[in-house]
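What the coordinates show
Each chain is listed here by its residues.
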Amino acid sequence: MQDYPIGTPGTPWSDTEKKQWLDAQSVKRSYKEEVIDRLPAVPENYEITQYGALPYDESRYPLYVIKPKLFVKSLPTVLITGGVHGYETSGVQGALKFATDHLAEWQDKCNFVIAPCVSPWGYETINRWDPLAVDPNRSFRADSPAPEAAMVKAMVDAIEEPVHMHIDLHETTDTDNSEFRPALGARDGITQDVWEIPDGFYLVADSGKVELDFQKAVIEKVRGVTHIAPADENNKIIGAEVLYDGVISYDKKSLFLCGGLTDAPYVTTTEVYPDSPSASDEICNDAQVAAIIGGLEYILAG
């Protein structure tokens, strides 16, 4: 790994280095203008409610969820989360686009719970971590160190109906290797492996319940929008064995990932590649929407 400008190689960061890192961050875009102001008009039986606010600035970072006013017990409940890593733009905008363009047509088939931007500070500063230098997507556990994870976990835990499908919307970007993994190595005082950033869309299933036919259905739906990431020469993507074209898996609960937040039988994490020469913002957002619809078509066909 290349050197990182903060800290001493091989020595984990103290509070001093974490403050140096935080002081180097700056706001680059507006959560209010790009997320809050784009929250859609929802169907009559749905509502947009605030489930929390980030303690760094509660007035600037309220947290919103789109959900039914009353859950229909006969319908499956579908959880859609975006922006767990705030810098992964299409996760946020894809969730908003599904809610804006497609929620009305699917509302009679499922109960939708949509948290479009879990980490608004990360969205504004284009960061993977929160201001505490904590990765929210390694923090979905009791006594979470990340307020972003703790608040969305509390909101989801309060849902009385079991979640049937959870799609967590993410991106893999070139900055994963140029910034975020070097920062992780510096913060923890360890060497981080570098792998080739895959050019294309892929999915991360839960290794405890892969449900490969479900993953395939999502991949095939997305294939109509954008290209699927190829495996490397070792038949891996980001160091994990490829199970099917564009599908790998992690043990999501043991890693405290957002994808392990529920006991839903159908779970996947999308990974869009916005830095591809074949991609655009619109293609990335459409790929996220296609992934959601592919999953919905699969679970409802059964």
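For the structure, check the block above.
Each value, and the rule that gives it
By convention here, each chain's residues receive numbers from 1 onward along its written sequence. Only residues with pLDDT of at least 70 get local features here, since the model is predicted, and only at 80 or more are side-chain atom pairs given and counted; chain-wide, interface and lining totals rely on the full set of residues. Side-chain metrics rest on all non-hydrogen atoms present in the structure, leaving aside hydrogens and water. Runs of H or I in DSSP of at least four residues are treated as helices and runs of E of at least two as strands, each being numbered from the N terminus. Only protein chains enter the area calculation, which uses a 1.4 Å probe; residues under 20% of their type maximum are buried, those over 50% are exposed, and those in between are partly exposed. Contact criterion: two residues are considered in contact whenever any of their non-hydrogen atoms come within 4.5 Å of each other. Surface exposure here means Shrake-Rupley accessible area, sampled with a 1.4 Å probe, where a residue is shielded only by the protein chains that are shown. What qualifies as a polar contact is a pair of N or O atoms within 3.5 Å, subject to a donor-acceptor requirement within protein and to the restriction that residues adjacent in sequence count only when both atoms come from side chains. Axis definition: a line fitted to C-alpha atoms, over the contacting stretch in the case of helices. Angles run 0 to 180 degrees between N-to-C directions. These descriptions rest on fixed angle ranges, namely under 35 degrees for roughly parallel, over 145 for roughly antiparallel, 65 to 115 for roughly perpendicular, and the rest for oblique. Working rule for handedness: look at the near helix, and if it is turned counterclockwise from the far one by less than a right angle, call the crossing left-handed; if clockwise, right-handed. Gly falls in the polar group here, along with every residue not listed as nonpolar (Ala, Val, Leu, Ile, Met, Phe, Trp, Tyr, Cys, Pro) or charged (Asp, Glu, Lys, Arg). Put simply, two rings from Phe, Tyr or Trp (the six-membered ring, in Trp's case) pair if the centres are within 6.5 Å, and we call them stacked under 30 degrees between planes, edge-to-face over 60, tilted for the rest. In this scheme, the term charge over a ring applies when either NZ of a lysine or CZ of an arginine sits within 6 Å of the ring centre and within 35 degrees of the ring normal. Take the number of residues in a helix, subtract one, and multiply by 1.5 Å to get its expected span. What the arc measures is the spread of directions leading from the helix axis to the C-beta atoms.

Some words on the overall build of the protein
The helix and strand tally for the protein stands at nine helices and ten strands. Counting only C-alpha atoms, the protein reaches 55 × 50 × 35 Å along its principal axes. Among the 302 residues that make up the protein, the fraction classed as buried is 54%. A fraction of 75% describes how many contacts in the protein between residues 6 or more apart in sequence connect residues 24 or more apart. Per element, the accessible surface of the protein, about 12800 Å² overall, is 49% carbon and sulfur.

Details of the side chain of R128
Among the structural elements, R128 can be located in the loop between α5 (120-125) and α6 (147-157). Judged by relative accessible area, R128 falls into the buried class, the value being 18%. Here Y87 takes part through its side chain, which lies 3.0 Å from a polar atom of the side chain of R128. Side-chain polar atoms of R128 contact the side chain of D135, separated by 3.3 Å. Every residue in contact with R128, bar those within four places of it in the chain, is listed here: H85, Y87, E88, D135, P136, R138, D176 and F180.

Considering the packing of helix α8 (residues 212-223) against helix α9 (residues 281-301)
Packing of α8 against α9 brings their axes to within 8 Å, and their N-to-C directions diverge by 140°. Comparing their axes, α9 and α8 come out oblique. The handedness of the crossing between α8 and α9 is right-handed. Within the contact between the two elements, α8 uses D213, F214, A217, V218, K221 and V222 and α9 uses A287, A290, A291, I293, G294, G295, E297, Y298 and I299. The residue inventory of the contact of α8 with α9, partitioned by class, reads ten nonpolar, two polar and three charged.

Section: the packing of helix α3 (residues 89-101) against α9
Between α3 and α9, whose axes approach to 8 Å, the crossing angle comes to 60°. What the angle tells us is that α3 and α9 run oblique. Seen from above, α3 lies across α9 with right-handed handedness. Across the interface between the two elements, S90, G91, Q93, G94, K97 and F98 from α3 touch E282, C284, N285, D286, Q288, V289, I292, I293 and L296 from α9. Taken together, the residues of the contact of α3 with α9 sort by class into six nonpolar, six polar and three charged.

So, the packing of aromatic side chains
Applying the stated criterion across every chain yields a total of ten aromatic pairs. Geometrically, the ring pair formed by F214 and Y266 is tilted, given 5.3 Å between the ring centres and 50° between the ring planes. With F214 in helix α8 and Y266 in strand β10 (residues 266-272), this pair connects stretches of sequence that are 52 residues apart. Judged by its relative accessible area of 17%, Y266 falls in the buried class. In this structure, R29 packs its charged tip against the face of Y123, placed 3.8 Å from the ring centre.

A closer look at α8
For α8, built from twelve residues, the straight-helix expectation of 16 Å at 1.5 Å per residue is met to within 8% by its first-to-last C-alpha distance of 16 Å. Within the sequence span of α8, burial applies to F214, Q215, V218, I219 and V222. For α8, the arc enclosing every buried residue in end-on projection is 135°, short of the 170-degree limit, so these residues lie on one face. Contact partners of the buried residues in α8: β5 (163-171), β6 (202-206), β9 (247-250), β10 and α9.

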